[in-house]
Each structure stands twice: as structure tokens, then as C-alpha cells.
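# Descriptive structure summary
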Amino acid sequence: MDHKPDLPEWHGNGDAMRALQIELARQVSLRDGFAKPLRTVAGFDVGFEEAGSITRAAAVLLDASTLAVIDQQVACLPTRMPYIPGLLSFRELPALLEALNMLSSPPDLAFVDGHGIAHPRRLGIAAHFGVVTGLPSIGVGKSIHVGEARQALHGMRGAFTPLRDGREQIGWLLRSKPGCLPLVISPGHKVAMASAAELVMRFVTTYRLPEPTRLADRLASRRDSQ
DNA sequence: GCGACAG
DNA sequence: ATCTTGTCGC
């Protein structure tokens, strides 16, 4: 199946994209809709080359039980839009979808570097990715874009506390590794808020990032062979 | 008007 | 994100 959603071209008007985000955000499902037990998962991340003119997306497919790498692909496309806070997905999604299509098979669950619904209009790149592909997805962010935590986060590995925007919970702050800044976890698509943090911890070994995203990160930033 | 602002 | 060595801390 080929995923080629009509992503609007960058003509300098972010208003059209913001309106589309609000529309797509209505299609997000916050109920668990992934295969149980999980058989495969995949990590997705984007990096840049040639001073940013080339967008390089990486997709790494793993066996959910053993964490063994089943397949990994890299897609390089010309960068067509600048980075604009809140509109990240329109810049990085094209390359990410290309990398997904190159995989031998789609994952039961996708971990995307960036936010899910922890976004101003509840459509971060992980949620956008999930809605256009129909795949269950979770956002794994390394810093907060919107929202704040009310309570202090415990230092113990696996501890988590709600990330909220006003009175609404939009994700979790997760201490994936002691002594490190917490990850910002939020549902993307077909994943319940209550399941998100636990699903991420299931794939964390000894690093801050869960294996799917950690491996994709290395591949996208071409540090896997260096 | 001012400051913030995923990657 | 990216440019980059050494350095502080668990």
C-alpha cells in the first residue's frame, strides 16, 4: 500500500496547514487499536544533509519480542519547507512516509521522534503520521513543545507524570533513564493515553531513547557507521 | 507588544 | 536539525 497524502506545498501561508491540522486531529483515535501481542514495531526519525537541502528519513523495523532488527531503510528527499514551530510534520512527513513504504512490511506500532497529540492543535508529527497511514503510533519527544507538568517527576527509572495543557492531559513526562531529562510521550494514533508510557518503556534498554527511535535516530543522523 | 517555540 | 572537543557526573 502506498501512502501519498496530499500534503500542501509551502507557499508561505501556514494558515492553510494549521486549518488542515485541526481537521486531521479530529480523525485521531485515542483508543488502543494495535495488535496484541505486538509482533513488530518500528522507529522513525529525520535528519538533514547538505546544509539542510536534503531531508533524510530513517525507518527501523524490529521484532517486538527480541528487539532484533528485521529491516531498516533510508529515504532522501529534497527539503521543500523551512522548520516552523507547530508545522514540523509538513516538513518531515514526506520523507518519513517514503521510508515507511520501503520497509518489507509495516509495523504493528510506530514510534515517531517528535510529538503525538502534545501539540498546539493536537496533531504533532506522530499523530499526523498515524492518521495518514492508519498505523498505530506514539510520539517520542525529547523536549516539550506545549504544555507543562504540575508535579515534579521522580528520579526513578520508569517514573512518569502527566503533561498538561490547561486542564487537559496531552501526554506524559517519562523518566526513561535515571539522571537524564525525561522523554515527552504522547499518543499519536490508535493508542490510549493510559497505554503510551508503558509501551515506550517496554522498548527502553539502557539508553534514554527506546530502541526503535534510538536506532532510527542513529541512521537518520548517519552516526550508525561512524 | 513580548516571549516561546517539537526537529 | 546541524556545526563540534573536551568535560562534568552517575
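The rules behind these values
- All residue numbers refer to positions counted from 1 along the written sequence of the respective chain.
- Here chains are named by letter from A upward and ligands by number from 1 upward, in the order in which they appear as written.
- Whole-chain, interface and lining totals are the exception, using all residues; otherwise, since this is a predicted model, local features are given only for residues with pLDDT of at least 70 and side-chain atom pairs are given and counted only at 80 or more.
- The basis for every side-chain value is the complete set of non-hydrogen atoms in the structure, without hydrogens or water.
- UniProt positions are given in the numbering used here, feature names are shortened, and annotations may be inferred rather than shown by experiment.
- Comment: elements are numbered from the N terminus, with helices defined as DSSP H or I runs of at least four residues and strands as E runs of at least two.
- Every residue pair with non-hydrogen atoms within 4.5 Å of one another is taken to be in contact.
- We call a residue near a molecule or strand as soon as one heavy atom of that residue lies within 4 Å of the molecule or strand.
- Counted as a polar contact is a pair of N or O atoms within 3.5 Å, where, for protein atoms, one must be capable of donating a hydrogen and the other of accepting one, and residues adjacent in sequence contribute only when both atoms are in side chains.
- Amino acids outside the nonpolar list (Ala, Val, Leu, Ile, Met, Phe, Trp, Tyr, Cys, Pro) and the charged list (Asp, Glu, Lys, Arg) are all regarded as polar, and Gly is one of them.
- The cut-offs for exposure are 20% and 50% of the maximum accessible area for each residue type, with area from a 1.4 Å probe on protein chains only; residues under the lower value are buried, those over the upper are exposed, and the others partly exposed.
- Pairing between strands is defined by DSSP: at least two bridges between the two strands are required.
- Angles here are taken between N-to-C directions and fall from 0 to 180 degrees, while the axes themselves are lines fitted to C-alpha atoms, restricted in helices to the stretch in contact.
- For classification, angles of less than 35 degrees are called roughly parallel, those exceeding 145 degrees roughly antiparallel, those between 65 and 115 degrees roughly perpendicular, and all remaining angles oblique.
- Put simply, a crossing is left-handed when the front helix is turned counterclockwise from the back one by less than a right angle, and right-handed when it is turned clockwise.

As annotated in an unreviewed UniProt entry, chain A carries the name Endonuclease V and is attributed to Thermomonas beijingensis. Recorded in UniProt for chain A, the comment headed Cofactor (unreviewed entry) runs: "Mg(2+)". In its Function (unreviewed entry) section, the UniProt record describing chain A reads: "DNA repair enzyme involved in the repair of deaminated bases. Selectively cleaves double-stranded DNA at the second phosphodiester bond 3' to a deoxyinosine leaving behind the intact lesion on the nicked DNA."

## Here's the deal with the UniProt feature "site: Interaction with target DNA" (unreviewed entry) in chain A
The UniProt feature table records "site: Interaction with target DNA" (unreviewed entry) at Y83. Counting through the fold element by element, Y83 comes out in the loop between β3 (69-78) and α2 (88-102). When residues no more than four places from it in sequence are discounted, the contact partners of Y83 are L88 and R91.

## Quick word on the protein's contact with DNA strand B
Taken together, the neighbourhood of DNA strand B is formed by 17 residues, with Y83, G124, K142, S143 and H145 sitting nearest. Backbone atoms, meaning sugar and phosphate, form 50% of the atoms of DNA strand B found within 4 Å of the protein. Interatomic distance of 2.4 Å between a side-chain N/O atom of Y83 and a phosphate oxygen of DNA strand B. Between a base nitrogen of DNA strand B and a main-chain N or O atom of H115, the distance comes to 3.4 Å. In terms of residue class, the surface near DNA strand B is built from 6 nonpolar, 7 polar and 4 charged.

## Some words on the UniProt feature "binding site: Mg(2+)" (unreviewed entry) in chain A
UniProt annotation of "binding site: Mg(2+)" (unreviewed entry) refers to D45 and D113 when read in the numbering used here. Annotated residues spanning 69 residues; largest pairwise C-alpha distance 5.3 Å, indicating a single compact cluster. Checked against the element boundaries, D45 lands in strand β1 (residues 40-49). With sequence-adjacent residues up to four places away left out, D45 is seen in contact with R56, A57, A58, L96, D113, A216, D217 and A220. Tracing the sequence through the fold places D113 in strand β4 (residues 109-113). Owing to a relative accessible area of 11%, D113 belongs among the buried residues under this scheme.

## Quick look at the sheet that holds β3
An order of β3-β2-β1-β4-β5-β8-β7-β6 is seen for the 8 strands of this open sheet, with the pairing classed as mixed. Only two strands of the sheet have a single partner each, and these edge strands are β3 and β6 (160-165). Geometrically, the sheet is characterised by an average inter-axis angle of 25° between neighbouring strands, direction not taken into account. Here α2 sits on the sheet in contact with β1, β2 (54-63), β3 and β4, set at roughly 140° to β3. On the sheet, helix α3 (residues 125-133) packs against β1, β4, β5 (137-141) and β8 (183-189) and is oriented at approximately 160° with respect to β5.

## Section: helix α4 (residues 193-201)
In terms of burial, α4 is a largely internal element, 7 of the 9 residues being buried. Turning to α4, its buried residues are M193, S195, A196, A197, L199, V200 and M201. Looking at the buried side of α4, the elements it contacts are β4, β5, β6, β7 (168-174) and β8.

## Regarding the packing of α2 against α3
For the pair α2 and α3, interaxial distance at closest approach is 10 Å and the crossing angle is 50°. Here α2 is positioned oblique relative to α3, judged by the angle of their axes. Judged by the sense of rotation from one axis to the other, the crossing of α2 with α3 is right-handed. Contact with α2, carried on its side by L88, S89, F90, E92, L93, L96, L97 and L100, involves I125, H128, F129, V132 and T133 of α3 and no other residues of that element. Its residues placed into classes, the contact of α2 with α3 shows 9 nonpolar, 3 polar and 1 charged.

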